[in-house]
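This is what each chain is made of:
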Amino acid sequence: DFTLTLPALKAVSQAFPHCALHIVGPPPTCALAQSEHIIDGNHPDLAPLYATPPLPERTRQLFAKTEFLLAYSHPGGIDQQHLEKLIAGKTVFWDPHPAVGNDLHIVDHLLMPLRQLNMAMDHARPQIDLVKKDFSYVNQLSICQPIIAHPGSGGAHKCWPLERYVQWARALAHDGVEVLFLCGPTERERGFAVPNDIPTLAPPNLRSLAALLSRARLFVGNDSGPGHIAAAVNTTTLSLFGPTEPRVWAPQNAAGHILHAADGDLGKLSVATVLNATRAIL
């Protein structure tokens, strides 16, 4: 989900060019934004924001010079009360979850509080700018524009069955097309058993993943983070949607393709349908 906030981070940086951008969140994820100032969201100095006053001096100092704060957090909490008193500049708390029935794309939803402040939007879709060192992992691999597939997702209900991914990959391999599977922490925790004839990759960090995806001929996956990262490095995507709404959650790129399972049931999405869509894109 952090990838979806990149346009907002860009807008804030451009609106306050004289200020350094500090990001609070998980450092491995926030690295996608290439900010020089990342504060671990679990840092002990942040914990007092969620407790009754007074705030210790070390917590106050973290925000003492803040000119503008954008928090993707449910409004009305004690953290908002603390920060509004602490920060001399403007604070904006915005629920990152769209209301049920709201078909506004998630990126537009996340940009809405900044649009209400009339901030300029040079980039209304996520973009990840890669540098030379990001390619150290992919440069060690012997690959040539493969299809990269991600059979997992943060939510098991959003996953097309693994055995169908395997059937799909084997059919493409028969066509002479190289297919590689991504296997990250979530897939390992769930015990995804990928057959030995399907090559799997586990990039060491998200910037290495972004560089890998930038070299792919096509990315195929469920409604999950890697699909948004692939779109943010301008790779063609084919996203398989079930219970979630593509109008809200589809990766934003010019070469993005969607297959939405009938009745939102990924069990109704056949291997033949995904295979035909893949071949048509290729």
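Residues numbered from 1 in each chain as written. Predicted model: local features only at pLDDT ≥ 70, side-chain atom pairs only at ≥ 80, totals over all residues. Heavy atoms only, no water.

**Description of the overall build of the chain**
Let me state the cut-off plainly: Labels follow the DSSP assignment, with helices taken as runs of H or I lasting at least four residues and strands as runs of E lasting at least two, numbered in each case from the N terminus. As a reference, a globule follows 2.2 Å times the number of residues to the power 0.38, and the radius of gyration itself is taken over C-alpha atoms. Exposed residues in this analysis have more than 50% of their type's maximum accessible area, buried residues have under 20%, and partly exposed residues fall in between, with area computed by a 1.4 Å probe over protein chains only. What makes two residues a contact is simply this: any of their non-hydrogen atoms within 4.5 Å. Method for areas: the Shrake-Rupley scheme with a 1.4 Å probe, in which residue coverage is limited to the protein chains shown. Here the positive residues are Lys and Arg and the negative ones are Asp and Glu; neither His nor the chain ends is included. Lysine's charge is taken at NZ, arginine's at CZ, aspartate's at CG and glutamate's at CD.
When helices and strands are counted, the chain shows 11 helices and 10 strands. Over its C-alpha atoms the chain spans a radius of gyration of 21 Å, differing by no more than 12% from the 19 Å that the globule rule assigns to 282 residues. Each of the three principal axes of the chain carries a C-alpha extent, and together these read 65 × 45 × 35 Å. Counting every position in the chain, which comprises 282 residues, the buried fraction comes to 46%. For the chain, the share of sequence-separated contacts (at least 6 apart) that also reach a separation of at least 24 residues comes to 56%. Accessible area of the chain: about 14100 Å², with a carbon and sulfur share of 52%. Put simply, the chain has 21 plus and 24 minus side-chain charges, and the middle of one group is 3 Å from the middle of the other.

**Some words on the sheet that holds strand E8 (residues 218-222)**
The following threshold applies: Paired strands, as defined in this entry, are two strands with at least two bridges between them according to DSSP. An axis is simply a line fitted to the C-alpha atoms; with a helix, the fit covers only the stretch in contact. Between two such axes, the angle follows the N-to-C directions and lies from 0 to 180 degrees.
Strand order in the open sheet made by the six strands is E7-E6-E5-E8-E9-E10, with parallel pairing throughout. Two strands in the sheet have a free side with no partner beyond their single neighbour: strand E7 (200-201) and strand E10 (256-260). In this sheet, strand E6 (residues 179-182) lies alongside strand E5 (residues 147-150) in parallel orientation, the contact comprising three bridges. Looking across to E6, one finds that isoleucine 148 is bridged to leucine 180. Lying over the sheet, helix H6 (residues 162-174) contacts E5, E6, E8 and strand E9 (237-241), oriented at roughly 155° with respect to E6. The strands touched by helix H8 (residues 206-214) within the sheet are E5, E6, E7 and E8, with E6 carrying the most contacts at an inclination of about 160°.

**Remarks on the pattern of salt bridges**
Quick note on the threshold: Basic side-chain nitrogens of Lys or Arg form a salt bridge, by our definition, when they fall within 4 Å of a carboxyl oxygen of Asp or Glu.
Under the criterion given, the structure shown has nine salt bridges. Between arginine 207 and aspartate 134 there is a salt bridge, and its shortest N-O distance comes to 2.9 Å. Placement of arginine 207 in helix H8 and of aspartate 134 in the loop between helix H5 (106-116) and E5 is noted, with a sequence separation of 73 residues between them. Pair check on accessibility: arginine 207 and aspartate 134 agree, each one buried. Across the salt bridge formed by lysine 268 and aspartate 263, the nearest N and O atoms sit 2.5 Å from each other.

**Some words on the state of the cysteines**
Disulfide: a covalent bond formed between the sulfur atoms of two cysteine residues. To keep it simple, the criterion reads: Only a pair of cysteine sulfur atoms within 2.5 Å counts as a disulfide in this structure description.
Scanning the entire structure with this criterion turns up zero disulfides. The closest cysteine sulfur to the non-disulfide-bonded cysteine 19 is located on cysteine 30, 19 Å from its own sulfur. Exposure remark for cysteine 19: the relative accessible area of 31% places this residue in the partly exposed category. With no disulfide of its own, cysteine 183 lies closest to cysteine 159 among cysteine sulfurs, the gap being 12 Å.

**Observations regarding the environment of phenylalanine 241**
Relative to the helices and strands, phenylalanine 241 is located in strand E9. Residues phenylalanine 241 and glutamine 14 lie 227 residues apart in sequence; the distance between their C-alpha atoms is 34 Å. Phenylalanine 241 has contacts with Asp223, Pro246, Trp249, Ala250, Pro251, Ile258, Leu259, His260, Ala261 and Leu266, leaving out every residue within four places of it along the chain.

**Points about the environment of aspartate 263**
Condition: Whenever a nitrogen or oxygen atom comes within 3.5 Å of another N or O atom, the pair is scored as a polar contact, on the condition that within protein one atom can donate a hydrogen and the other can accept it, and that pairs from neighbouring residues in sequence are kept only if both atoms are in side chains.
If you trace the backbone, aspartate 263 turns up in the loop between E10 and helix H11 (271-281). Note: C-alpha distance between aspartate 263 and proline 243 (20 residues apart in sequence) is 7.9 Å. At a separation of 2.5 Å, a polar atom in the side chain of aspartate 263 contacts the side chain of lysine 268.

**Thoughts on the pairing of strand E4 (residues 90-94)**
Note the following rule: Seen with its strands pointing away from the viewer, a crossover is right-handed when the path leading from the first strand over the helix to the second is clockwise.
For E4, the buried fraction is high: four of the five residues fall into the buried class. Pairing analysis gives five bridges linking strand E3 (residues 68-72) to E4, with the strands arranged parallel. Bridge pairing links leucine 70 to valine 92 in E4. Running through helix H4 (residues 78-86), the crossover from E3 to the neighbouring parallel element E4 is right-handed.

Remember, this is a structural readout, not a statement about activity or role.
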